[in-house]
Amino acid sequence: HHFDILKSAYLLAQDSEQNFPLGCVSINITRMVVEYLLEGRLSSLCNSGENGVLDTTCRVYAGGFYHFYSRWRSLKRTIRDTEVTFNEVRRLMEKSPKKLLDGLAKGIEEMKAKKDPGKFEFTDLDFTSRAPQAGAPKAAAPPGTATA
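Q: Just checking my understanding: could you explain the overall build of the protein for this structure?
A: Each helix and strand counted, the protein has six helices and zero strands in total. Element order for the protein, N to C, with α for helix and β for strand: α-α-α-α-α-α. Burial status across the protein gives 28% buried among its 148 residues. For the protein, the proportion of contacts with a sequence separation of at least 24, taken over those separated by at least 6, is 62%.

Listed below in structure tokens is the structure:
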């Protein structure tokens, strides 16, 4: 569902300055979701909608992963900031998992807006006026260059 987010996170994880262990991050966020689900901290969220437990926990995971990625990118974090970023995700998942879902929805909208073709600007460039005419003499070569 969220290929663009994963792709962006993957590319950031490969960055020379902001790299992070993508697999380990994913596993840690999965562990958080499972722990909070088993502790009952996600029960009200799971019961509040018509999406069911599986869909809700998947969205909480995606929200946690997106939060990690967006904080990492926007605050220009490095590997030294891993624990701080995990703690931010953990705190939101524990206290307000709905905020993770809201942040994910906002992030999806922002990514869609960046790709919106309605926001592209086009101009009428006429390259034909600069094209050499058939049979017209060629422009002189710059001084100091060899000509064939």
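Q: Honestly, unusual backbone geometry in this entry has me stumped. Any pointers?
A: Leave glycine aside and you will find that most residues have negative phi; peptide bonds, for their part, are mostly trans. If you check the backbone angles, Lys76 has positive phi at about 50 degrees while not being a glycine. Residue placement: Lys76 occurs in the loop between helix H4 (52–74) and helix H5 (82–95). Judged by relative accessible area, Lys76 falls into the exposed class, the value being 61%.

Q: Help me understand the packing of aromatic side chains, please; the structure alone is not making it clear to me.
A: Each aromatic ring pair is characterised by the separation of its centres together with the angle its planes make. For the structure shown, the criterion picks out six aromatic pairs. On the basis of an interplanar angle of 25 degrees and a centroid distance of 6.0 Å, the ring pair of Tyr61 and Phe65 is categorised as stacked. Highlighted residues: Tyr61 and Phe65, both in helix H4, separated by four residues, approximately one helical turn. You can call Tyr61 partly exposed: its relative accessible area is 24%. For Phe65, a relative accessible area of 6% gives the class buried. Ring geometry for Phe68 against Phe86: centres 5.2 Å apart, planes inclined by 40 degrees, an arrangement best described as tilted. Residue Phe68 is located in helix H4, and its partner Phe86 is located in helix H5; the two are separated by 18 residues in the primary sequence. Neither Phe68 nor Phe86 differs from the other in exposure class; each is buried.

Q: In this structure, what is going on with the side chain of Thr82? I would like to understand it.
A: Residue position: Thr82 is located in helix H5. Under the relative-accessibility criterion, Thr82 is labelled buried at 15%.

Q: What is the right way to read the environment of Glu88 from this model?
A: Tracing the chain through its elements places Glu88 in helix H5. Of the residues examined, Glu88 reaches a relative accessible area of 12% and is grouped as buried. Residues Glu88 and Gly64, spaced 24 residues apart in sequence, show a C-alpha to C-alpha distance of 9.3 Å. Once residues lying within four places of it in the same chain are set aside, the contact partners of Glu88 are His67, Arg71 and Arg77.

Q: Before we go on, may I ask you to explain the pattern of salt bridges in this structure?
A: Oppositely charged side chains are able to pair whenever their charged atoms sit close together. One pass over the structure, following the stated rule, counts eight salt bridges. In this structure, a network of salt bridges that share partners links the residues Glu39, Arg41, Glu94 and Lys95.

About the cut-offs
Residues numbered from 1 in each chain as written. Predicted model: local features only at pLDDT ≥ 70, side-chain atom pairs only at ≥ 80, totals over all residues. Heavy atoms only, no water. Helix = DSSP H or I, 4+ residues; strand = E, 2+ residues; numbered from the N terminus. Buried < 20%, exposed > 50% of the residue type's maximum accessible area, 1.4 Å probe, protein only. Contact = heavy atoms within 4.5 Å. Phe/Tyr/Trp six-rings, centres within 6.5 Å; stacked < 30°, edge-to-face > 60°. Salt bridge = Lys/Arg side-chain N within 4 Å of Asp/Glu carboxyl O.

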